[in-house]
Structure formats: C-alpha cells, structure tokens
Amino acid sequence: MKENSKKENAVNNLCTGCGVCVSESNGTLEMRWNKFGFISPYHVKGDIPNTTMRVCPFNPKPELDISDEDKLAKIFLKDTDNRDEKIGSYLGTFVGYSREHRITSSSGGIATYIFAQLLERKVVDAVYVVKEVNGTYEYQMFSKKEDITNISKTRYIPVTLEKLFERIDKLDGKIAVSGVACFIKAIRLKQYYHPELRNKIPFLVGIICGGWKSRFFTEFLAQSSGIQTKYKNQDYRIKDPKSSASDYAFGAYDEKDDFFQMKMSKVGDMWGTGLFKSKACDFCTDVLTELADISLGDAWLPQYRSDGLGNSVIVTRSNLANNIIMEGIAKGDLRVSLIDKSQIILSQSSSFSHRWGGLKFRVRMARLSGIKVPYIRKRVFEKISLPYMMVQIQRERTRKYSLIYWYKTKNADNFNKLMHFDLKVLRALTRMYHKLRKRK
Ligand SMILES: Cc1cc2nc3c(=O)[nH]c(=O)nc-3n(C[C@H](O)[C@H](O)[C@H](O)COP(=O)(O)OP(=O)(O)OC[C@H]3O[C@@H](n4cnc5c(N)ncnc54)[C@H](O)[C@@H]3O)c2cc1C
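All values derive from a computational prediction rather than experimental measurement.

**Section: the pattern of salt bridges**
Here comes step 1: As enumerated under the stated definition, the model contains 28 salt bridges in all.
Here comes step 2: Between Glu396 and Lys279 there is a salt bridge, with the nearest N and O atoms lying 3.2 Å from each other. Taken as a pair, Glu396 in helix α12 (residues 386-409) and Lys279 in the loop between β12 (259-263) and β13 (294-298) lie far apart in primary sequence, 117 residues in all.
Here comes step 3: Judged by its relative accessible area of 9%, Lys279 falls in the buried class.
Here comes step 4: Asp333 is the partner of Lys331 in a salt bridge, and the nearest nitrogen-oxygen pair spans 3.6 Å.
Here comes step 5: A single network of salt bridges, built from pairs that share partners, joins Glu69, Asp70, Arg83, Lys185, Glu290, Arg377 and Arg379.

In structure tokens:
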C-alpha cells in the first residue's frame, strides 16, 4: 500500500481506515498509509460522489433511520428481542474456550472455531480475515478448513476492508468477515444500501476492541523487544500457560530471522493510557461489537485471569451463532458455559468507563476545539466528576503526543524519555480519581 504524500494533520483524524467508503467512491478514493501510521482514504481523482460518506461508521450526518447501533440492530438482528442497554441485542452470553483452537489463538480460540464451523457447515464458501502476507498482516480471503489455524490470532496493526467489495463481486459464493466494531458497522451500512450483500455476507464475527492502534504501536513494540532492523511476522499474543492471561508477550523476527520476544509488562499499560490510539475510537460507543452475529473478547474476569491460556467472552446475536455455540458445547468441542450478562459487561468495564463515561466531556472538548464529531447516540452520555475530566484531558494528551513523538523520533529510548512526564501525570491523576471514587 502506498504512503500518503499529502501534507496533513492526521493526529486528529476521525477515521479508523475501514475503507468501505472506497467501494462507494467510484474510483475517486484509495486507501494509503498516513504519516501517523494509520490507513486512511486518499483522494486520487475526480469528484467524490455525495453517497460516499453514507457507509462511514463515523459519519457526522447519517440518515436518521440508521444513525446508530440501536437502529441498525433492529434492522439486522431479528432473531432476538432480548436487549440490554450495554450488551445490545443478544441471545446468549457465555465464557470459555475451544478445546482444539485455544492453544494457537489469542484468547479462547472461539473466533477460529466459528470460522471453521461456518466453512464446514457450508454456510459460507470463504472467510475474509486478517492473515499473514509477506511478513505483515492484511485482510484476505481464506477457504482451506484443514489449515484453519493459519487464520488465528488477533493483529493490532491497521488493516482495511478497502478491497472487500471488489473481491465479493468476483466471488461466486458467500463469505463471513471478522472485524472490530467500526468495521462491522460499516459493513452493515453497506448492506443496508446494497441489500443483495446481506445474502453474500451472511455472517459477521465481531472482535471486541478497546482501541485501534497505529502502526507505530508495532514499531515501538518491535524496537522495545530488541529488534534494530525491520520486523516481520509479529505475534502480539504469546501466551504463558504458567502465568496469568494478561501476562502475555510480544514477539517478532528481525531481518536475519532471529526471533525477539518481550513480556508486554515491560512496556507498561498500552491500552488504558490511549497510547498510539486513533482519535476516532474516542467517539465510538460500541464496546461489544453490537452489530455482529457473534461478539468475542477476552475474559478479563477475576475467576479467569489466572488461566494463562486464555478464555473468551461470547455474546451470540443470531440463531446461527447461538446454535454453533450450543452444539459445540454438546459435542464437547467447546468448554463453554453460560454466564450472566453482567459478567460480560464487567469483563470490559474499563472500556465502558472510558468510552461511555468520558464521552459527553470529550464531545464538548472536541467541539470547543472545532473538531466535527461523529453522530453519537445520546443515551450513552454520562456526567463525570472533575477528577475524571482531568484524566480525560491527560489521556488525550498522551494519545496525541505518542503519535507525534514516535513520528519525530522512531526511537524507543527517546520516545520513552519524551513520554515519561505525561505518563507520570496520567498515572497520578488516575490514582487520585480512583481514590476519590472509592471514598465516595
Ligand atoms: C485492535 C484490537 C483491540 C482489542 N481490544 C480488546 C479489548 O479491549 N477487550 C477484549 O476483551 N478483547 C479485545 N480484543 C480481542 C481479543 O484480543 C481477541 O482477539 C478476541 O477475544 C478473539 O479471540 P479468539 O481467541 O477467539 O480469536 P482467534 O481464534 O485467535 O482468532 C482471531 C480472529 O480475528 C481475526 N483478526 C485478527 N486481527 C484482526 C483485526 N485487526 N481485525 C479483525 N479481525 C482480526 C483473525 O483473522 C482471526 O480470524 C481486541 C482485538 C483487536 C484486534
């Protein structure tokens, strides 16, 4: 993929690079790497059609009938009337793992199991997933069930669905797609405007996402693990069966094919701090990929944390998804049990706290800075305390400067020095906020 040569200030870009807009752009847009390590649309020629924005998950002015996840769920998830304000439409809530796939997967291996089942049951002819190519990762079509573990593991590097609809046009058959919430929403919007795609893409696997990271995140991890040259075949989730689920490692090969590995604890909290995160994520209210047939995340729950091999939290939202899970349990393929829905919410409590809790304040701040914010369902807005507002301000500073400093230095030691003060302030403010909240 080309680098965008255009001068730009992409640090506040409200785009995660799903690339679905390209399929509506009549050849006027293509996806390119921007200077802050995200993939975003680039205007290559001609007049961009007015309809292009209608499939954007961060559209500030969507059509009112389909303006948010609540409305889209009513259109696309018809198998259930169960609704929870945080979980969305659902049939069942579960936790556990696939006996065959957990070991080679990111958490419980449920995503790989679902894709294997969809191919085996001939629900789809291929799956469209993120897979290795030339040492990095891209969305690709895949249909070999016998090699299914090749598609396992989640990759925290930007990828794009730019080519999905072009490839579907050429494919004589159906496909299932994996995606984080904004990518799934973009596909639903595309299906709304092109109903024939509902049949072509009968199943969506939602990957619960706590934030979309820039390519800089991977560059920083590779250098921190000791790689001085280019990196390849990076693995973001090397499990330690002797330790806890969150104590995983990052590893990658350098140009000489030597493998370098480092526990993620060495670089500290990469998620709660907002480091290398897309600005768009701060306006996403879909914590649990509410529009997918099935949503999958890590079981960040006290009773599962100690299991270093990992477990998945699972929310089924269509009959097919629910049947695959229930039959998998009955056949003994899955060690999965029903869990109260409150546990699913608890497993993503930090994400809810930041994404929903701080949202109203972030919207106000963005508007004050003249940033045009995406359309947001107001029901998620919450009032927050002054200490949490300060955490929000500092988190945004940390996010923004992590991108600017890496762009300038491309050196882990210098980056750590430059970020040191802001991270220290963020930690102090967060501690103060937690203390005051506990006292209340
Ligand atoms: C950017 C990102 C942020 C995440 N944040 C959280 C979080 O905050 N909380 C949480 O509980 N879980 C989060 N996850 C999900 C978690 O890491 C696991 O991926 C998820 O639980 C699925 O595990 P699994 O073992 O079932 O998947 P596996 O069986 O390992 O399969 C993973 C599947 O996802 C596909 N895939 C890989 N990378 C991507 C990608 N970038 N986009 C779309 N599909 C992909 C693979 O091709 C594969 O089919 C995040 C994942 C990503 C990519």
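**A short note on the domain arrangement of the protein**
Here comes step 1: Taken domain by domain, the protein consists of domain 1 (10-213 + 280-350) and domain 2 (356-439).
Here comes step 2: Relative to domain 2, the C-alpha centre of domain 1 lies at a distance of 26 Å.
Here comes step 3: Domain 1 puts 25 residues into the contact, and the matching count from domain 2 is 20 residues.
Here comes step 4: Here domain 1 and domain 2 share an interface that buries about 2100 Å² over both sides, 62% of which is from carbon and sulfur atoms.
Here comes step 5: Between domain 1 and domain 2 we count five salt bridges in total.
Here comes step 6: In this structure, the salt-bridge partner of Asp70 is Arg379, at a minimum N-O distance of 2.6 Å.
Here comes step 7: Across the domain 1-domain 2 interface, the total number found is nine residue pairs in polar contact (both at pLDDT 80 or more).
Here comes step 8: With three residues, helix α1 (residues 69-76) is the largest single contributor of residues to the side of domain 1 that touches domain 2.
Here comes step 9: A class-by-class count of the residues in the side of domain 1 that touches domain 2 yields 10 nonpolar, four polar and 11 charged.

**Concerning empty space enclosed by the protein**
Here comes step 1: Tallying each qualifying case throughout the model produces four cavities of 30 Å³ or more.
Here comes step 2: As for the largest cavity, its lining consists of 16 residues, of which Pro57, Glu69, Lys185, Phe283 and Cys284 are closest to the centre.
Here comes step 3: With three residues, helix α4 (residues 181-193) is the single largest residue contributor to the lining of the largest cavity.
Here comes step 4: Split into classes, the residues belonging to the lining of the largest cavity amount to nine nonpolar, two polar and five charged.

**Quick notes on the site of the ligand**
Here comes step 1: The environment of the ligand is formed by 34 residues, the closest being Ser107, Thr112, Thr154, Ile208 and Asp298.
Here comes step 2: Here an oxygen atom of the ligand sits 2.9 Å away from a polar atom, N or O, in the main chain of Ala111.
Here comes step 3: Contacts to the ligand include Asp298, whose backbone N or O atom sits 2.6 Å from an oxygen atom.
Here comes step 4: Against a free-state accessible area of 940 Å², the protein chains account for coverage of 97% of the ligand.
Here comes step 5: Breaking the shell around the ligand down by element, the ones donating at least two residues are α2 (110-120), β6 (126-133), β8 (175-179) and β13.

**Details of unusual backbone geometry**
Here comes step 1: Despite not being glycine, Asn134 shows a phi value in the positive range, around 50°.
Here comes step 2: Judged by its relative accessible area of 77%, Asn134 is exposed.
Here comes step 3: The backbone of Lys410 sits at a positive phi, close to 50°, despite the residue not being glycine.
Here comes step 4: By the secondary structure assignment, Lys410 is in the loop between α12 and α13 (412-439).

**Some words on the sheet that holds β12**
Here comes step 1: Taking strand neighbours across the sheet as the criterion, the three strands line up as β10-β11-β12 in an open arrangement whose pairing is antiparallel. Of all strands in the sheet, those with a lone pairing partner are β10 (232-238) and β12, marking the two edges. Between one strand and the next, the sheet's axes are offset by a mean angle of 15°, whatever the strand orientation.
Here comes step 2: The sheet contact formed by strand β11 (residues 249-253) and β12 spans five bridges and is antiparallel. Opposite Ala249, over in β12, you have Lys263 as the bridge partner.
Here comes step 3: Its contacts with the sheet put helix α6 (residues 215-224) on β10, β11 and β12, and the angle it makes with β10 is roughly 85°.

**Observations concerning the sheet that holds β13**
Here comes step 1: Read across the sheet, eight strands follow the order β7-β6-β8-β9-β13-β14-β5-β15 without closing on themselves; strand pairing throughout is mixed. Every interior strand has two partners, whereas the edge strands, β7 (136-142) and β15 (334-338), have only one. Neighbouring strand axes in the sheet, compared pairwise and without regard to direction, differ in orientation by 30° on average.
Here comes step 2: Where α4 meets the sheet, its contacts fall on β7, β8 and β9 (203-207), and the angle it forms with β9 comes to roughly 155°.
Here comes step 3: Running over the sheet, helix α8 (residues 319-331) touches β5 (92-98), β9, β13, β14 (312-316) and β15 and is turned about 115° from β15.

Calculation notes
- Within any chain, residue numbers begin from 1 and follow the written order of that chain's sequence.
- Confidence filtering applies because this is a predicted model: local features only for residues at pLDDT of at least 70, side-chain atom pairs given and counted only at 80 or more, and all residues used for totals across whole chains, interfaces and linings.
- As a rule here, side-chain values come from all non-hydrogen atoms in the structure, and water together with hydrogens is ignored.
- Definition used for salt bridges: Asp or Glu carboxyl oxygen within 4 Å of a side-chain nitrogen of Lys or Arg.
- Where helices and strands are cited, they refer to DSSP runs of H or I of at least four residues and of E of at least two residues respectively, numbered from the N terminus.
- Burial status follows relative accessibility: with a 1.4 Å probe on protein chains alone, a residue under 20% of its type maximum counts as buried, one over 50% as exposed, and anything between as partly exposed.
- For each domain, the first and last residues come from an automatic or database assignment.
- It only takes one pair of heavy atoms within 4.5 Å for two residues to be counted as in contact.
- Once two parts are put together, the accessible area they lose, assessed with a 1.4 Å probe and summed over both, is termed the buried area.
- Within 3.5 Å is the distance limit for a polar contact, defined as a pair of N or O atoms, with the added protein rule that one can donate a hydrogen and the other accept it, and that residues adjacent in sequence qualify only through two side-chain atoms.
- Ten residue types, Ala, Val, Leu, Ile, Met, Phe, Trp, Tyr, Cys and Pro, are classed as nonpolar, four, Asp, Glu, Lys and Arg, as charged, and the remainder, Gly among them, as polar.
- Here a cavity denotes grid points, spaced 1 Å and computed from the protein atoms alone, that fit a 1.4 Å probe unable to get out, and a pocket denotes an open set having protein on both sides within 12 Å along at least 5 of 7 lines; residues with an atom within 4 Å of a point are the lining.
- Grid points are joined across faces, edges and corners, and a volume is the space filled by probe spheres set on the points.
- By convention in these notes, a residue is near a molecule or strand provided one of its non-hydrogen atoms lies within 4 Å of it.
- Accessible surface is estimated by sampling points in the Shrake-Rupley manner with a 1.4 Å probe; for residues, cover comes only from the protein chains shown.
- A pair of strands counts as paired when DSSP detects no fewer than two bridges linking them.
- Angles here are taken between N-to-C directions and fall from 0 to 180 degrees, while the axes themselves are lines fitted to C-alpha atoms, restricted in helices to the stretch in contact.

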